[in-house]
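# Survey of secondary and tertiary structure
Each chain, written out:
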Amino acid sequence: MKVIAVIPARYASTRFPAKLMQDLCGAPVIVRTYQSAVQTQLFDEVFVVTDSQEIYDVIFHHGGKAIRSQGVHESGSDRIAEAVADLEADIVVNIQGDEPFVDREPLAQVIAVFENDLNQSIDLASLMFEITDPNEINNPNNVKVVVDDQGFALYFSRSVIPYPREINVGFRYMKHVGVYAFRKQALLAFAQLPMRPLEASEKLEQLRYLEYGKRIRMVETTHVGIGIDTPEDLEKARLLWSKPN
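Described in the following lines is the structure provided in the data block.

### Quick word on the layout of surface pockets
Each pocket or cavity is described by its volume, and for the largest pocket that value is around 1,400 Å³. Lining the largest pocket are 48 residues, and of these R15, K19, Q96, D98 and D229 lie nearest its centre. With five residues, strand β8 (residues 173-183) is the single largest residue contributor to the lining of the largest pocket. In this structure, the second largest pocket spans a volume of roughly 150 Å³. In terms of lining, the second largest pocket is formed by Q35, S36, Q39, T40, P100, F101, V102, D103, R104 and W241. Among the elements that make up the lining of the second largest pocket, the one with the highest residue count is helix α1 (residues 29-39) (three residues). Here the lining of the second largest pocket is built from residues that sort into four nonpolar, four polar and two charged.

Shown next, in the form of structure tokens:
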């Protein structure tokens, strides 16, 4: 089973312009994410796919592999689908460019979903972890997910789900980690599906998959990295990155 990682890297960002090129302790955020993916030693190859010549050049400058995307894409998964169409791979892992702290253990967990899926019944898997801080739960930059009793996603939202009308029922709030692992053919099929209203409203690409009746296997992890959505997140990331291991 050949497993590759692809990191979609769009230069523009409505919430934090050019965030992937911001310095994270001596290298741009996108370079740190690429390096973290390579250092896991889980992948046969790692690529950054980008619409930006600046990002393309900085990845090559740091010894990495990059692909220029040719079309205009609505989501990161659409972008990587174009990039991997002619690449040899069985499993394609989509690592978000603004998630430099995704480490080996959670990536190994999501890849294991496919290693253990002998009937090849699962096309897409992703990660989640529990959050308990009310500020984190209410933050729309944190995407929440609810799952069924088999661990398949029911819905993703920037809003609080479920709404806590009753607080003493033992519900655990789960934050979605922006890592997806696709069977390659499922990824290519995903990219052919038009965006529908839920995805357009929440600006969450994974909702397209659910809207078309597909299933996403969620894997719980204890990962507590930092996704960089705001300048404040970047400052937190710099503090965490500079701490000794």
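Moving on from the coordinates now.
### Some thoughts on the side chain of E199
By secondary structure assignment, the location of E199 is in helix α7 (residues 197-202). On the basis of relative accessibility, which here comes to 2%, the residue E199 falls in the buried class. Those residues in contact with E199 that lie beyond four places of it in its chain are S75, L204, E205, L207, R208 and E211.

### Quick notes on the pattern of salt bridges
For side chains of opposite charge, pairing can occur when their charged atoms come near one another. Scanning the model with the defined rule gives ten salt bridges in all. Residue D117 pairs with R183 through a salt bridge whose shortest N-O separation is 2.8 Å. Of this pair, D117 sits in the loop between α4 (104-115) and β5 (124-131) while R183 sits in strand β8; the two residues are 66 residues apart in sequence, bridging distant segments of the chain. As far as the burial class goes, D117 and R183 line up, both buried. Between E199 and R208 there is a salt bridge, with the nearest N and O atoms lying 2.8 Å from each other. The pair formed by E199 and R208 is uniform in burial state, with each residue classed as buried. One network of salt bridges, with partners in common, ties together K2, E45 and K65.

### Re the pairing of β8
Judged by how many residues are buried, β8 sits mostly within the fold: eleven of eleven residues are covered. Neither face of β8 is left uncovered, since the one carrying Y173, K175, V177, V179, A181 and R183 and the one carrying M174, H176, G178, Y180 and F182 both have all their residues buried. Alignment of strand β4 (residues 91-95) against β8, held across five bridges, turns out to be antiparallel. By the bridge assignment for β8, I95 is matched with V179.

Rules behind the numbers
Residues numbered from 1 in each chain as written. Predicted model: local features only at pLDDT ≥ 70, side-chain atom pairs only at ≥ 80, totals over all residues. Heavy atoms only, no water. 1 Å grid on protein atoms, 1.4 Å probe; cavity = no way out; pocket = protein on both sides within 12 Å on 5 of 7 lines; lining within 4 Å. Points joined across faces, edges and corners; volume = space filled by probe spheres on them. Helix = DSSP H or I, 4+ residues; strand = E, 2+ residues; numbered from the N terminus. Nonpolar A, V, L, I, M, F, W, Y, C, P; charged D, E, K, R; others polar. Buried < 20%, exposed > 50% of the residue type's maximum accessible area, 1.4 Å probe, protein only. Contact = heavy atoms within 4.5 Å. Salt bridge = Lys/Arg side-chain N within 4 Å of Asp/Glu carboxyl O. Pairing = 2+ DSSP bridges.

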